[in-house]
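# Commentary on secondary and tertiary structure
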Amino acid sequence: MTNQRERILIVDDEAAIRRLLRQKLSRQGYHCEEAGSAMEALDKMRSYSAELIMLDMRMPGKSGIDLLPELKATYPNTAVIMETAVTETSLAIQCMKQGADDYINKPFNLDEVALSVDKTLEKRRLELQIKEYQEHLQQKVDQQTVEIRRLFLGAIEALVFALEAKDKYTAGHSRRVTEVALAIGRELNLPEDDIEDLRWGSLLHDVGKIAVDQFIQNKPGKLTPAEYEHIMIHAQVGAGIVRPVVNDRVVEMVEHHHDRYNGTGLHQVVVGKDIPLGARILAVADAFDAMTSNRPYRPAMPVEEARQEIRRCIGTQFDPVVASAFLGIGASGIVLEKGKATVVADTPARP
Ligand SMILES: [Fe+2]
C-alpha cells in the first residue's frame, strides 16, 4: 500500500540511478528527493525528513555504510534500504544489523525495488503504531497506578483520622505533625519529592497505633517498662502496614520516627545521621505536638516552653540541624488553633 504523503530520499552518487529510482517510485505514488552524497543527504534531511532513505552503500567520500549509524541515531523513525552490489551481500547483512531495514542488489530489478519499498514502509507504519500504542498503554498504566495509590493512601489517611478522632488526646495529631514537619522540610530547603514523602510519612507515622491497647495509651499514670514497650511497637507495626503502598523512604520515616539522635531509643539500631532524615524531622514535629497537647497525665505545655525543651534536647533526642530548622521557623510562625499548636506555613493542599 502506498501513501502519497510518504517521502523518500534517494542517496546515490550516480545521477542516472537516482533518476531511475525517482521515476519508478514517483509512479508508485511516493514523493522523492535526491542527494548525490552523504553530506548532501544529511543537509536534505534537516528540512525534508523522509520516511524512507534509499542509501547507496558505496559513495566517494563518506560511504553509505558510514552514514547509516548517524542517520539511525538522528532519525530513528526513518527506514533505510541499502543499495548494494551482488558481491557485497555480507556487508549488506552487516548494515541490517546496524539498523537498515532491507537491501536491494544492483543492477536493479525495478519491480523488486518497488516491492521492497512498499514492504519496508508498511513495516515502518506498523512499528510506529505499536510504539505509539505501547507508549499510550504505559501512560495509562502509570495513570492507573497513581490513582490506585492515591485512593489507597486516602483510605489509610481516613483510617488514621478516624483512629485519632475517637481519642480526645490524639485527635488531629497527625495533621498537626504534618504541618510542622513540612514547615521544617521547607526551612531545610528539601526538594519537592522529599517534601511529598515527608507529607505521607507524617500523615502515616502513627498508623501502627491501631495495634496499641487504648487503656495503656490513655493510662493517666506513669507507664511500666512493659507498657512503654507495648506502645512503642506502633512504629514497627505502622511500617508494616504502609510498606505495600509507599516508597522505602516513607516506610523508614514511620519505622524510625521514635529514634533518638544519640541512639538511646528503644531497640534502636541506627544513630545520628544514619537515622533517615525524614524520621529525624518527624521526631521533632511529633515531640512538639505531643508537648503542646493535653495528655491524660499532664496538661498541654505552652509553645515557648516546648520550643525551649526541643532546644534543650538538641544532640541527645534531636538532630541539631533539624531542631535548629524548627527553631528557625520562630515562635511567631506557630499559633495556637483550638488550643493546639500549629505552624503557619505555606503548604500546598494534600493530594
Ligand atoms: Fe509515634
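Every chain's residues receive numbers from 1 upward, in the order its sequence appears when written. It should be noted that, the model being predicted, local features are given only for residues of pLDDT at least 70 and side-chain atom pairs only at 80 or more, the latter also being counted only at that level, while totals for whole chains, interfaces and linings use all residues. Heavy atoms throughout the structure, all of them, feed into the side-chain values; hydrogens and water do not.

## Remarks on the packing of helix H2 (residues 38-48) against helix H3 (residues 64-74)
It is the contact of H2 with H3, at a shortest axis distance of 11 Å, that shows an interaxial angle of 15 degrees. It follows from the interaxial angle that H2 and H3 lie roughly parallel. Read as a crossing pair, H2 and H3 show a hand that is right-handed. Seen from H2, the contacting residues are Ala38, Ala41, Leu42 and Met45; seen from H3, they are Leu67, Glu70 and Leu71. Every axis corresponds to a line fitted to the C-alpha atoms, with the helix fit spanning only the stretch in contact, and the corresponding angles, defined between N-to-C directions, vary from 0 to 180 degrees. For the purposes of this entry, the term helix denotes a DSSP run of H or I that reaches at least four residues, the term strand denotes a run of E that reaches at least two, and both are numbered from the N terminus. Any angle between 65 and 115 degrees counts as roughly perpendicular, while under 35 counts as roughly parallel, over 145 as roughly antiparallel, and the rest as oblique. Definitions for this section: a left-handed crossing has its near helix turned counterclockwise from the far helix by less than a right angle. A right-handed crossing has that turn clockwise. Residues are treated as being in contact if the distance between any of their heavy atoms lies within 4.5 Å.

## Observations regarding unusual backbone geometry
Phi is mostly negative for residues that are not glycine, and the peptide bonds are mostly trans. Cis rather than trans, the peptide bond between Lys106 and Pro107 has omega equal to -5 degrees. Within the secondary structure layout, Pro107 lies in the loop between strand E5 (102-106) and helix H5 (110-165). Here the phi dihedral of Ser49 falls at roughly 35 degrees; this positive angle occurs in a residue that is not glycine. By secondary structure assignment, the location of Ser49 is in the loop between H2 and strand E3 (52-56). The phi dihedral of His267 falls on the positive side, at around 50 degrees, and the residue is not glycine. Note that His267 resides in the loop between helix H10 (248-256) and helix H11 (277-291). Only protein chains enter the accessibility calculation, which uses a 1.4 Å probe; a residue whose area is less than 20% of its type maximum is buried, one above 50% is exposed, and one in between is partly exposed. Take His267: its relative accessible area is 60%, and that puts it in the exposed class.

## Overview of H11
Taking 1.5 Å per residue as the helical rise, H11 with its 15 residues ought to reach 21 Å, and the 21 Å between its terminal C-alpha atoms agrees with that figure. In terms of residue burial, H11 counts as a mostly covered element, since 14 of its 15 residues are buried. By this rule, a helix spans an expected 1.5 Å times one less than how many residues it contains.

## Some remarks on the coordination of the iron ion
Note on metal sites: the ideal angle is 109.5 degrees for four tetrahedral donors, and 90 or 180 degrees for six octahedral donors. The donor definition counts N, O and S atoms within 2.8 Å of each metal and applies 3.2 Å to Na, K and Ca; water is not among these atoms, so some sites may look incomplete. Coordination of the iron ion by the protein involves Asp206 (OD), His234 (NE2), His257 (NE2) and His258 (NE2), with metal-donor separations of 2.2 to 2.3 Å. Here the iron ion binds four donor atoms, and the angle range of 84 to 168 degrees at the metal identifies the geometry as irregular. Mapped onto the sequence, the residues coordinating the iron ion show the spacing D-x27-H-x22-H-H. Taken together, the residues Asp206 in the loop between helix H7 (192-204) and helix H8 (214-217) and His258 in the loop between H10 and H11 connect sequence positions 52 residues apart. What makes Asp206 buried here is its relative accessible area of 6%. Angle rules define the geometry names used: all angles between 85 and 135 degrees makes four donors tetrahedral, while opposite donors over 155 degrees apart and all other angles between 65 and 115 make four donors square planar and six octahedral, leaving every other case irregular.

## Considering the pattern of salt bridges
Just to be clear on terms, a salt bridge is a Lys or Arg side-chain nitrogen sitting within 4 Å of an Asp or Glu carboxyl oxygen. Following the criterion strictly, the structure yields 31 salt bridges and no others. The residue Lys219 makes a salt bridge to Glu227 at a minimum N-O spacing of 2.7 Å. The shortest N-O distance in the salt bridge between Asp319 and Arg280 comes to 2.6 Å. Taken together, the residues span a long stretch of sequence, with Asp319 in the loop between helix H12 (303-312) and helix H13 (320-329) and Arg280 in helix H11 at a distance of 39 residues. Both residues of the pair, Asp319 and Arg280, count as buried. The network of salt bridges with shared partners includes Asp12, Asp56, Glu83 and Lys106.

## Some remarks on the pairing of strand E1 (residues 7-11)
E1 sits mainly inside the fold: four of its five residues count as buried. Examined bridge by bridge, E1 and strand E2 (residues 31-35) share five bridges and lie parallel to one another. Counted as the bridge partner of Ile8 is Cys32 from E2. Two strands make a pair as long as DSSP finds a minimum of two bridges between them. Direction of pairing for E1 relative to E3: parallel, over a ladder of four bridges. Following the sheet pairing, Leu9 is matched in E3 by Ile53.

## So, the sheet that holds E1
Spatially, E2-E1-E3-E4-E5 is the arrangement adopted by the five strands of the open sheet, whose pairing is parallel. Of all the strands in the sheet, the pair left with one neighbour each is E2 and E5. Recorded for the sheet is a direction-independent mean angle of 20 degrees between the axes of neighbouring strands. On the sheet, helix H4 (residues 89-97) packs against strand E4 (79-85) and E5 and is oriented at approximately 155 degrees with respect to E5.

## Concerning the nonpolar core
A general feature of soluble globular proteins is that nonpolar side chains tend to end up buried together. We define the nonpolar core as a collection of buried residues of types Ala, Val, Leu, Ile, Met, Phe, Trp, Tyr and Cys that are connected through side-chain atoms lying within 4.5 Å of one another. Of all hydrophobic cores here, the largest spans 29 residues; its most connected members are Ile184, Ile310, Phe318 and Phe326. Mapped by element, the contributors of at least two residues to this core are helix H6 (173-187), H7, H11, H12 and H13. Per-element accounting of this core gives the leading share, eight residues, to H11. Met45, Met59, Ile65 and Met82 belong to the second-largest nonpolar core, a separate cluster that totals 22 residues.

## Here's the deal with the side chain of Ser293
Checked against the element boundaries, Ser293 lands in the loop between H11 and H12. Definition of a polar contact: a pair of N or O atoms within 3.5 Å, with one able to donate and the other able to accept a hydrogen when the atoms are protein atoms, and with sequence-neighbouring residues admitted only if both atoms are side-chain atoms. At a separation of 2.6 Å, a polar atom in the side chain of Ser293 contacts the main-chain carbonyl oxygen of Asp289.

## Focus: the packing of H12 against H13
Interaxial distance between H12 and H13 falls to 10 Å at its minimum, and their mutual angle equals 155 degrees. Judged on the interaxial angle alone, H13 and H12 are roughly antiparallel. Relative to H13, the crossing made by H12 is left-handed. Of the residues in H13, those touching H12 at Arg307, Ile310 and Arg311 are Ala323, Phe326 and Leu327.

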